[in-house]
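Understanding the architecture of this molecule
Here's the letter readout for the chains.
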Amino acid sequence: MSTQRIDVLGVKFDSTSLEKAVQQGLALVEQHNASYVVTPNPEIVLEAEHNKDLQYALGAASLVLPDGIGVIYSAKILGTPLEGRVTGIDFATRMLEELAKRNGSVFLLGAKPGVAEKAGENMKEMFPGLRVVGTHDGYFKEEDPVIEEINAVKPDFLFVCLGFPKQEIFMHENTSRLDVGIMAGLGGCLDVFSGEVERAPDAFQKAGLEWLYRLYKEPSRFRRMAKLPKVLFKSAGRRLKGSKDE
Ligand code: UDP
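Cut-offs applied
- Residues numbered from 1 in each chain as written.
- Predicted model: local features only at pLDDT ≥ 70, side-chain atom pairs only at ≥ 80, totals over all residues.
- Heavy atoms only, no water.
- Near = heavy atom within 4 Å.
- Polar contact = N/O pair within 3.5 Å; in protein donor to acceptor, adjacent residues only side chain to side chain.
- Areas by Shrake-Rupley, 256 points an atom, 1.4 Å probe, with all protein chains shown as cover.
- Nonpolar A, V, L, I, M, F, W, Y, C, P; charged D, E, K, R; others polar.
- Salt bridge = Lys/Arg side-chain N within 4 Å of Asp/Glu carboxyl O.
- Helix = DSSP H or I, 4+ residues; strand = E, 2+ residues; numbered from the N terminus.
- Buried < 20%, exposed > 50% of the residue type's maximum accessible area, 1.4 Å probe, protein only.
- Disulfide = S-S within 2.5 Å.

**Digging into the site of the ligand**
Taken together, 15 residues surround the ligand, and among them Gly 138, Tyr 139, Lys 166, Gly 188 and Asp 191 come closest. A distance of 2.8 Å is found between an oxygen atom of the ligand and a side-chain nitrogen or oxygen belonging to Tyr 139. Interatomic distance of 2.8 Å between a backbone N/O atom of Gly 188 and an oxygen atom of the ligand. Taking 550 Å² as the accessible area of the ligand by itself, protein coverage stands at 79%. Taken together, the residues of the shell around the ligand break down into four nonpolar, five polar and six charged.

So this is what it looks like as structure tokens:
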């Protein structure tokens, strides 16, 4: 089950839907090869232009999901639209729902001390049947003991919530050492599952304005969010240049 990949400023995204991505994710859990999923937003796309390690990490992912309306608009501007937006949190939520039905397991790595534990408690309530087999905060100095802890429980799904580019590089560098079904770089998802950060209301999500709500809640993110129009301008520039060259 492979999907078409669409290039947005050097990052090749899967043109897929949430349900197709989840089916692919579940198939990868079965293979138990520590395949990994990335969910790049405009900030990650721009960072990958000059960060080779991040670029390689994104290139080696089994699933590259377009998280963020900026990526969807850019693909449209470039003349190669993607099937739709698949956010990391939606992918994670649907995966947990499906894993719970199969009595599957999850290990939560990342965020500030205490957050993953709290997220795990909430997940057990939200997804009866799901086994939360381990948690670890995202501020460790040495990787080896963390990897040993994860491998001791062989989770079906490993959340890697270390922020970018750390989480993508961690997954890429440790694929061969990790005994997990699948893993995904999920940014601030544990903060949301723990209840520390609330997700935008449905209306904002449906309108593709989750970023606007987040900006309203956390104005300090303004500098980071300025990357969104930048990615659109760059895509427009690329498209115009392309049509001149044709
Ligand atoms: N984080 C971490 N270790 C680090 C740096 C960040 O565990 O060394 C966590 C941070 O606590 C937060 C997440 O990574 O929970 C990144 O969240 P952010 O909202 O910045 O990510 P986004 O979803 O915007 O990519």
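**What about the pattern of salt bridges?**
This structure, assessed with the given rule, holds 20 salt bridges. Note that Glu 19 and Arg 94 form a salt bridge whose closest N and O atoms lie 2.8 Å from each other. Here Arg 94 lies in helix α5 (residues 88-101) and Glu 19 lies in helix α1 (residues 18-31), a separation of 75 residues in the sequence. Classification of Glu 19 as partly exposed rests on a relative accessible area of 37%. The exposure class of Arg 94 is buried, given its relative accessible area of 16%. Here Lys 154 and Asp 179 are joined by a salt bridge, their closest N and O atoms 3.2 Å apart. Placement of the pair is Lys 154 in the loop between α7 (143-153) and β7 (157-161) and Asp 179 in the loop between α8 (166-174) and β8 (182-185), with a sequence separation of 25 residues. Taking the relative accessible area as the measure of exposure, Lys 154 reaches 46% and is therefore partly exposed. Relative accessible area serves as the criterion here: at 24%, Asp 179 is assigned to the partly exposed category.

**Digging into unusual backbone geometry**
Pro 165 follows Phe 164 through a cis peptide bond whose omega is 0°. Here the phi dihedral of Ala 34 falls at roughly 55°; this positive angle occurs in a residue that is not glycine. Structurally, Ala 34 is set in the loop between α1 and β3 (35-38). The class for Ala 34 is buried, based on a relative accessible area of 0%.

**Describing the state of the cysteines**
The tally for this structure, following the rule as stated, stands at zero disulfides. In this structure Cys 161 is a free cysteine whose sulfur lies 5.6 Å from that of Cys 189, the closest cysteine sulfur available. Residue classification places Cys 161 among the buried residues on the basis of a relative accessible area of 5%.

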